[in-house]
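Coordinates in review
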Amino acid sequence: MKSHPTTFLGPPDEYCDLNKARAVVVPFAYEGNVSYGLGAAQGPQAVLEASQQVEFYDDILDAEPFRVGIGTPEMPAIPADPTEMIALLAQITDGLLTKGQFPIVIGGDHSITTGYVQSIAKHHPAFGVIQLDAHADLREAYEDNPLSHASVMARIREITPHTLQIGIRSMAVEEARRVKEENLSFCTMRQWRRGAFDLKAGLAALPEKVFITLDVDVFDWSVIASTGTPEPGGFYWDETLDLLQTIFACKEVVGCDVVELAYRPSDPNSPFAVAKLIYKMIGFKFAHCLTPL
Ligand SMILES: [Mn+2]
């Protein structure tokens, strides 16, 4: 029986004890500076509600990943100031990492990722960041704001030089220039479609530990339609699961977030897809400790 509409997935009580859970889904509804469509602040709650409809059994893993325990803390009161917001998320994720738990943060706009990545840097001396996104997010600042969602990879690259960006199909000229000049590990959507990117080599070049930041605008609209800055083209559902499963299998994923879902009452599909995606990621993370049927 599912009975907790604010608890991710709504598993039986013993499997959502926040102190014992191995995975913790952190709702973080910050929408400071979304440039186009609004709705990111309602994203996390919509995902928690939609997650009640996700089946416990995972057909890819032939197991029930919720058995590792999935906790869901209350949504914190989030400061409007971006610096304070980032510090708060860093503090929350640091607390969970210190307890040996695996946080999955639901945004919120993409600017939140800096906070989580700061806490990862405290716990892991060397790590890489894999970004799945339609946008490069490499601007030094956007609309004079260096903490904008459109600058998040510029901020992350100040924390770690090891990044891999996949699915990109929208950039400003200064971002394209930066990719070339700094020889960034980078796969546009077009390169992906044409098989022109060597994923194995891209993953091998990163440190063993990686953080995954997934902006839902990396998806094709047929998978997720409601997002702040939509771009045509993009990843389909099954190929994304294959990609994620590969990353989780080849690397030690030390944290992840899923950002930029924009809640729209007319679209119940997008929050459901995000809920299912997060459950798949939890399953991939803990695949080695699940008992197949
Ligand atoms: Mn982004």
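A few words on the overall build of the chain. Looking only at helices and strands, one finds 9 helices and 8 strands in the chain. Taken over C-alpha atoms, the radius of gyration comes to 18 Å for the chain, in line with the 19 Å a tight globule of 293 residues would show. By its C-alpha atoms, the chain is 55 × 40 × 40 Å across when sized along the principal axes. Across the 293 residues in the chain, those meeting the buried criterion constitute 50%. Within the chain, contacts between residues separated by at least 24 positions form 77% of all contacts whose residues are at least 6 apart in sequence.

Let us look at the sheet that holds strand β8 (residues 252-259). Pairing in this open sheet of 8 strands is parallel, and the strands run β2-β1-β3-β8-β7-β4-β5-β6 from one edge to the other. Sheet topology places β2 (70-71) and β6 (185-188) at the edges, where each strand pairs with a single neighbour. Where strand β1 (residues 23-28) lies against β2, 2 bridges are found, and the strand directions are parallel. Note on β2: the bridge partner recorded for Val24 is Gly71. Where helix α2 (residues 82-98) meets the sheet, it contacts β1, β3 (102-107) and β8, and its direction lies at approximately 155° from that of β3.

In this section: α2. Structural remark: α-helix, 3.6 residues per turn; residues separated by three or four positions point the same way. With 17 residues, α2 should cover 24 Å at 1.5 Å per step; its first-to-last C-alpha distance of 24 Å lies within 8% of that length. Considered for burial, the residues of α2 that qualify are Pro82, Met85, Ile86, Leu89, Ala90, Ile92, Thr93, Leu96 and Leu97. Considered in projection along α2, the buried side chains sweep an arc of 165° and stay on one side of the axis. Counted as exposed and oriented over 90 degrees from the buried face of α2: Thr83, Glu84 and Thr98. The secondary structure elements touched by the buried residues of α2 are β1, β3, α3 (113-123) and β8.

What follows concerns the packing of α3 against helix α4 (residues 152-159). The relative placement of two packed helices is expressed as an angle between their axes plus a distance between the axes. Where α3 meets α4, the closest approach of the two axes is 10 Å, and the angle between their N-to-C directions is 10°. Classified by the interaxial angle, the pair formed by α3 and α4 is roughly parallel. Touching Thr113, Thr114, Val117, Gln118 and Ala121 of α3 are Val152, Arg155, Ile156 and Ile159, all from α4.

Attention now goes to the nonpolar core. Core analysis: the largest hydrophobic core is formed by 83 residues, its most contacted members being Ala23, Ile104, Val210, Val274 and Ile278. Considering every element that reaches this core, the biggest residue donor is helix α9 (residues 269-285), with 9 residues. In contact with Val210, other than residues within four places in its own chain, are Phe127, Gly128, Val129, Ile130, Ile247, Lys251, Val253 and Val254.

It is worth spelling out the pairing of β3 at this point. Counted residue by residue, β3 has 6 buried out of 6 residues, so it is predominantly covered. Across the two faces of β3 the burial is the same, with Phe102, Ile104 and Ile106 and Pro103, Val105 and Gly107 all buried. Where β1 and β3 come together, 6 bridges link them in parallel fashion. For Ala23, the partnering residue across the bridge sits in β3 and is Phe102.

Let's shift gears to the packing of α2 against α3. For the pair α2 and α3, interaxial distance at closest approach is 7 Å and the crossing angle is 40°. Considered as vectors, α2 and α3 are oriented oblique to each other. Here α2 runs over α3; the crossing is right-handed. Contacts from Ile86, Ala87, Leu88, Leu89, Ala90, Thr93, Asp94 and Leu97 in α2 reach Thr114, Gly115, Tyr116, Gln118, Ser119, Lys122 and His123 in α3. Among the residues making up the contact of α2 with α3, the classes are represented as 7 nonpolar, 6 polar and 2 charged.

With that settled, consider α4. Every buried residue of α4 is accounted for by Val152, Met153, Ala154, Arg155 and Ile156. The elements touched by buried residues of α4 are α3, β4 (128-132) and β5 (163-168).

This brings us to the environment of Arg190. Residue placement: Arg190 occurs in helix α6 (residues 189-193). Once the C-alpha coordinates of Arg190 and Gly167 are considered, the two residues, 23 residues apart in sequence, prove to be 8.0 Å apart.

Reading the values: the criteria
Residues numbered from 1 in each chain as written. Predicted model: local features only at pLDDT ≥ 70, side-chain atom pairs only at ≥ 80, totals over all residues. Helix = DSSP H or I, 4+ residues; strand = E, 2+ residues; numbered from the N terminus. Rg over C-alpha atoms; globule rule 2.2 N^0.38 Å. Buried ≥ 20, exposed ≤ 12 C-beta atoms within 10 Å, placed from the backbone. Contact = placed C-beta atoms within 7 Å. Pairing = 2+ DSSP bridges. Axes fitted to C-alpha atoms, helices over the stretch in contact; angles between N-to-C directions. Expected span 1.5 Å × (residues − 1). Arc of directions from axis to C-beta. Parallel < 35°, antiparallel > 145°, perpendicular 65-115°, else oblique. Core = buried A, V, L, I, M, F, W, Y, C linked by C-beta atoms within 7 Å. Left-handed = near helix turned anticlockwise from the far one by under 90°. Nonpolar A, V, L, I, M, F, W, Y, C, P; charged D, E, K, R; others polar.

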